[in-house]
Amino acid sequence: MTVTVRDARREDLPNLIAWNAAMAWETEHKRLDPDVLTRGMASVFDEPRRGFYLVAEHDGAPAGCLMVTYEWSDWRCGDFWWIQSVYVAEAARRSGVFRALYADVARRARAAGAVGLRLYVETENERAQATYAGLGMERCHYFMYEQALERGR
């Protein structure tokens, strides 16, 4: 069984949208607005400064994805690459799909001169946390806070 990773293409949007909706439901029991999700994901293809998507194929069939976005660090004078929107199709889980995606991101980040990789994970998702630790990632000492803002205000 072979896992390959490639840049996502616009024709991957139906899978990317379905996988992101599934991930939101599986991890947070959140139903995403399909129109907002579609526009949001298409915007990454429209504006490369926002980031990029990767798709993993398992034996030639699309099996998972992730998105990378950038955060400038003035302290380190470089970009952190944030791994987001990670999803592996249920039938392909535990087959090396995420490991291949992660290795590809790490290779690209090093080549681009990034200062580090970051991601966030639900506090209850111990399986994912173990996967990330197994790849050499460490839990950082920051808490994450957010405030949703109403658009147009």
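Residues numbered from 1 in each chain as written. Predicted model: local features only at pLDDT ≥ 70, side-chain atom pairs only at ≥ 80, totals over all residues. Heavy atoms only, no water.

A word on the nonpolar core. Core analysis: the biggest nonpolar cluster contains 22 residues, and Leu66, Ile83, Val97, Phe98 and Val105 have the highest contact counts within it. Of all elements in the fold, only strand 2 (52-58), strand 3 (61-73), strand 4 (78-88), helix 3 (97-112) and helix 4 (126-134) reach the threshold of two or more residues within this core. Membership of the second largest hydrophobic core comes to 15 residues, among which are Leu13, Met41, Ala42 and Tyr53. (Core = buried A, V, L, I, M, F, W, Y, C linked by side-chain atoms within 4.5 Å. Buried < 20%, exposed > 50% of the residue type's maximum accessible area, 1.4 Å probe, protein only. Helix = DSSP H or I, 4+ residues; strand = E, 2+ residues; numbered from the N terminus.)

Here we take up the sheet that holds strand 1 (residues 3-7). Reading across the sheet, the five strands line up as 1-2-3-4-5 and stay open at both edges, with mixed pairing between neighbours. Taken across any chain shown, the strands that pair with only one partner, and hence form the sheet edges, are strand 1 and strand 5 (116-119). In this sheet, adjacent strand axes meet at a mean angle of 30 degrees when their direction is disregarded. The pairing of strand 2 with strand 3 spans seven bridges and is classified as antiparallel. By the bridge assignment, valine 55 is partnered in strand 3 with cysteine 65. (Pairing = 2+ DSSP bridges. Axes fitted to C-alpha atoms, helices over the stretch in contact; angles between N-to-C directions.)

Turning to helix 2 (residues 34-46), a few remarks are in order. When the terminal C-alpha atoms of helix 2 are compared, their 18 Å separation across 13 residues agrees well with the 18 Å that a helix rising 1.5 Å per residue should span. Its buried side turned inward, helix 2 meets helix 1 (13-28), strand 2 and strand 3. With a side-chain oxygen lying 2.8 Å from the backbone nitrogen of aspartate 35, the N-terminal cap of helix 2 falls on aspartate 33. (Expected span 1.5 Å × (residues − 1). Contact = heavy atoms within 4.5 Å. Polar contact = N/O pair within 3.5 Å; in protein donor to acceptor, adjacent residues only side chain to side chain.)

For side chains of opposite charge, pairing can occur when their charged atoms come near one another. All chains considered together, the criterion is met by 11 salt bridges. Glutamate 71 is the salt-bridge partner of arginine 118, the closest N and O atoms lying 3.2 Å from each other. Residue arginine 118 is located in strand 5, and its partner glutamate 71 is located in strand 3; the two are separated by 47 residues in the primary sequence. Residue aspartate 104 pairs with arginine 107 through a salt bridge whose shortest N-O separation is 3.0 Å. Placement of both aspartate 104 and arginine 107 in helix 3 is noted, with a separation of three residues, approximately one turn of the helix. For arginine 107, a relative accessible area of 49% corresponds to the partly exposed category. If you follow the salt bridges from partner to partner, you end up with Asp7, Asp104, Arg107 and Arg108 in one network. (Salt bridge = Lys/Arg side-chain N within 4 Å of Asp/Glu carboxyl O.)

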